[in-house]
Amino acid sequence: MQQFPCPFCGLRDEREFHFAGEAGKPRPDTTQPISDADWAKYLFYCANAKGASHEVWVHTTCQEYFVMTRDTVTMAVLGTHALHEVPA
Amino acid sequence: MSTRLATSGRLIDRSKQVAFTFNGKRFTGHAGDTLASALLANDQMLMGRSFKYHRPRGVVASGAEEPNALVNLGEGVTHEPNARATTTELFEGLKATSQNHWPSLEFDVGAINQKFARFLPAGFYYKMFIHPRPFWKHIYEPFIRHSAGLGKAPDAETRDPDTYEHFYAHVDVLVVGGGVAGLQAALTAGQSGLKVLLIEQTAFWGGRTPVDGGEIDGKSAEDWITEAVAALEVMPNVTLRTRCMGSGVYDHGYVLGYERLTDHAPEADGPRHRLWRIRTKQVVTATGAIERPLSFSGNDIPGVMLASAVRDYVVDYGVSIGDRTVVVTNNDDAYRTALTLKKAGLSVPAILDVRVHVHAPPLVAEAKAAGIRVLEGMGIAKVVGGQRVKGVAVCSQAGEGAMVEEIACDCVAMSGGWSPVVHLWSHCGGKLLWDEEHAFFRPDASRAPTGADGLPFVTTAGTANGHLHLNDALQDAHSAGKIALERAGGKAEAGAVVPQAQGPDEAAMTPVWLMPQGAGYELKMKAWLDYQNDVKVSDVQLAAREGYESVEHTKRYTTLGMATDQGKLSNINGLATLSNALGEAIPQVGTTTFRPPYTPISMGAIAGEARGEIFQPIRKTPIHAWHEKNGAAFEPVGHWRRPYCFPKDGESKHDAVMREVKNTRESLGLLDASTLGKIIVKGPDAGRFLDMMYTNMMSTLKPGKCRYGLMCSENGFLMDDGVVARIDEDTFLCHTTTGGAEHIHGHMEDWLQCEWWDWKVYTANVTEEYAQIAVVGPHARDLLEALGGMDVSKDALAFMEWKDGELAGIPARAYRISFSGELSYEIAVPASFGQAFWDLCMQVGAQWNITPYGTECLHIMRAEKGFIMIGDETDGTVIPQDLGLNWAISKKKEDFLGKRAQERSHMTDPTRWKLVGLLTEDKSVLPDGAYAIKDGRNANNQRNTQGRVTSTYHSPMLERGIAMGLVLDGPERMGEIIHFMKDDGETLVAAKIVSPVFYDPEGEKQNV
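Residues numbered from 1 in each chain as written. Chains lettered and ligands numbered in written order. Predicted model: local features only at pLDDT ≥ 70, side-chain atom pairs only at ≥ 80, totals over all residues. Heavy atoms only, no water.

A. Structural detail: the pattern of salt bridges. Residue and element names in this part refer to chain B. Scanning the entire structure with this criterion turns up 53 salt bridges over all chains. A salt bridge links Arg208 to Asp212; the nearest nitrogen and oxygen atoms lie 3.0 Å apart. You can call Arg208 partly exposed: its relative accessible area is 22%. For the salt bridge of Arg336 with Glu506, the shortest nitrogen-to-oxygen distance reads 2.9 Å. (Salt bridge = Lys/Arg side-chain N within 4 Å of Asp/Glu carboxyl O. Buried < 20%, exposed > 50% of the residue type's maximum accessible area, 1.4 Å probe, protein only.)

Structure (structure tokens):
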């Protein structure tokens, strides 16, 4: 079982966490026309990186969402930070 | 015959007799015996029948790798199948029975299968049973289910009387395996002061070394082991556990240990098994090695055993397998068996060594000096015998199996070399190297499993690392211990002295994958690779000829290594056979994946304390106890238990539901709706936020008013619905479905934290703060007025309004909302007042025959009114437009979640199935989920469909079946009759398409 560092609570078992999507994927401005292709890209396409992957996770026990960078091949955790923080 | 020797047996206590039974026959053994050694001591060589051919099988090994000797243990509530006799410690009164035979172990009808072995090759099931299709269900499957399987599953009605527990441990270094390498690694790590845990799967320390011999620091191996354990025991930072197996290594230093506490002493107090949930910085796997069988014809006949096991039984238990043992080997180690047997006064007619020695290595020379006949370059053509070994036909290994001599014997000790136990290393991604010299896979230290920091967290030590010589193993263990402790942040003790061991040097082994190497089909089809699943050399070769190139596919096709022993003996031999057949090198073919657990662990240990009532915590409303006391029939809804209905004495559930609907519609009903999700959304941007969350406009809602809202995912699909009440300018209370409360709250937080982080909104899930009670029916207002304290008249509290006040002195918030079409109020009171308020309603409502009702009555009433239910009318692919809910989708709003997605071409496709009501012509209830069929067939030759049932009930008000469903062009086909298919796939039910509002279409009942 993996362990992830919640930026607010510290190191916890992975079963306390949920994956919440890829990080850095802004919602398109829906007040402007968006092509079907662009919208599909936003809805369905993810980079699904092999290696370092930036992801949003939620720590279900404190309900805080945060960004985690982890290696999808080795399962190494490369870092976590709160959403409002810019990583060093 | 196999028998107890007069002397030897280092693990048994000859002064203590232990009585047990096998297949009802009484036997005695000694304290310290395993079930296998005690049976062998009583000449009970036959222990089971094989899976496919029902071949007679005896024990092959002496430890966890045993594939054959699987027995049923205990009876009744303590019955357990598939226990390995070799790892079952004997205790007084043990009851074992053999498996997979009928009518008896000695005479088995299924053994006829072996006569047809030629017709039961690899992939037989796939080839034979595929046609004709209907035969599978009615003929093949019952037959296979009857004849397949090993042990009997415990009776479903019995309950395990034993207790189990989970145990959490946090350590710096975990050492798995208590042989000399594990002990040395633990000593090295322990001396640094770090927290060390050492676990050993058997009941004793030292592993194989006391049997194999050798000296450590001038002492006998046994003395060194005793001293090492004593030294570890006094270290306060070191914990030792025997009977505790390292079961699996998982991500980030998580390891499961499986401790068998009372299997050997069932009368003892305390839990039977303990699952250790270990978090460690470093793991050292000192898991030893397993000897490989040789593949020759008849290598499964009882009496053919691993050479190491033969000597284990002599040295550890004082048991000889036979009087005359032929040793067949490709390495020096098996000579130890010959020498041990000779020393015990037993006869070794010959050692068949496939190698030819120019200079005899020490063990070979010792055997020759002891007068044992060594036949070099020789192997076994076939074993003679049926239920027991009677002799071997000797042949040249280089030939095709022409017999040069037959040697009478009653035991064959075989050794095909050793394979390091790499399972734990591999569980979490450790890679392997093919070691050409020893013909085995060993851990590749440069590609170790890595942890959360990306650095290695597993080290391997001793034989498990491919160091077969005692001294090499010890030196390697010390260095593994040092690596582990340093990686764990410790400092090695300066000047630690590493013990030195002495033992004979061994010559190189010669890989042998088939004996003799030119064996023909007749020999190969009796040369077993996987004993438990009956896979032979000929099967793997056939798979290769049929085009199976991947080892993973071959495994599944032939079932090689798929039995409960997970191929501990068969994997490497099978793999080598496959790579030879494919003409590829072994490392190119690779291994199958090693997966936890190392050996099967009990379901009880996995469950631990989580059984019965505490298996899963149940959420209970404040009125739950009342429901229980008043005979509610419960159904699970999420983690809640909600009353399905309240049957009276002798009343069926169906009758109860019908009564509840009628009483509510005609007079007064009461529903515990406390489980409905309640989420407070508060802040200056709350309205703006809810406009994004819901398809309707929520920001325009006036305080004091309620609005029914739909919530869609960004994909456009309907995910939840409920009534939103505006509490004040800044505050909304959103009702969700019972199952949706946590999920919808999370959904809101996701958008608030990740996307609209600068909006000033706060959310709180207050579901459990309130008891919510629906007062429903023509007398609902009468009841509230009788309770008194709040004006609930039509003018004071109109439909879709709410207000705060008091009812019968209890602080209450009354929502005038209806999910039934009746005059209805939902009263929210603080949770602590829930029971009191319910009791008052029941008491005062008695004059109107108040009827508590459950979820089924709720469902029928909403269906009679055509109200949708999330999870019935929706399934994650349905959009509000499909359900005719366009009125709840704002056209004014610039944006909301799902808006853009609902404009995608598939979402606006006019052929999307749409919601309609359905009335069967014969008034019957349509089967839930039934499909409406259409003319013609699709590309898969299935009937075309044009709709499906989403909700279906018997309506007591209309006295007929009613249903809702999604139908192609449904709303345009009112009055048309379509046909639904019943579960039998044959019977059609005619139903008329109608409006989904079946009852009180004008809404007169609620508008009072």
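B. Up close: the sheet that holds strand E36 (residues 669-672) of chain B. Residues and elements named next belong to chain B. What the six strands build is an open sheet, ordered E43-E44-E45-E42-E36-E46; its pairing is mixed. Since the sheet does not close on itself, it has two edges, and those belong to strand E43 (802-807) and strand E46 (851-852), each with one partner. Judged from the two bridges that link them, E36 and E46 form a sheet pairing that is parallel. Within E46, the residue paired with Gly669 across the bridge is Thr851. (Pairing = 2+ DSSP bridges. Helix = DSSP H or I, 4+ residues; strand = E, 2+ residues; numbered from the N terminus.)

C. Region of the structure containing the sheet that holds strand E41 (residues 762-765) of chain B. Residues and elements named next belong to chain B. Pairing within the open sheet is antiparallel, and its five strands lie in the order E38-E39-E40-E37-E41. For this open sheet the edge positions go to strand E38 (706-712) and E41, each flanked by a neighbour on one side alone. Adjacent strand axes in the sheet meet at a mean angle of 25° when their direction is disregarded. In this structure, E38 lies alongside strand E39 (residues 718-728), joined through seven bridges in antiparallel fashion. Note on E39: the bridge partner recorded for Gly709 is Gly722. (Axes fitted to C-alpha atoms, helices over the stretch in contact; angles between N-to-C directions.)

D. View of the pairing of strand E35 (residues 640-645) of chain B. Residue and element names in this part refer to chain B. Strand direction decides the pairing type here: strand E34 (residues 633-637) and E35, joined by five bridges, are antiparallel. Its bridge partner lying in E35, Phe634 is registered against Pro643. Here E34 folds back onto E35 in antiparallel fashion, the turn holding two residues, of which Gly638 has a positive phi close to 60°.

E. Representation of the interface of chain A and chain B within the structure. Contacts between the two partners involve 27 residues from chain A, matched on the other side by 32 residues from chain B. Counting each side, the surface lost to burial between chain A and chain B is near 2,300 Å², with a carbon and sulfur contribution of 45%. Its largest share of buried area at the contact with chain B, chain A owes to Met1, Arg27 and Tyr65 of chain A, together 29% of the area lost on that side. Our enumeration of links across chain A and chain B arrives at four salt bridges. With a closest N to O distance of 2.6 Å, Arg900 of chain B and Asp36 of chain A form a salt bridge. Seen at the junction of chain A and chain B, the total is 15 residue pairs in polar contact (both at pLDDT 80 or more). Elements that contribute at least two residues to the side of chain A that touches chain B include exactly helix H1 (36-44) and strand E5 (64-71) of chain A. Broken down by element, the residue count for the side of chain A that touches chain B peaks at six residues, all from H1 of chain A. In terms of residue class, the side of chain A that touches chain B is built from 15 nonpolar, seven polar and five charged. (Contact = heavy atoms within 4.5 Å. Buried area = accessible area lost by both parts, 1.4 Å probe. Polar contact = N/O pair within 3.5 Å; in protein donor to acceptor, adjacent residues only side chain to side chain. Nonpolar A, V, L, I, M, F, W, Y, C, P; charged D, E, K, R; others polar.)

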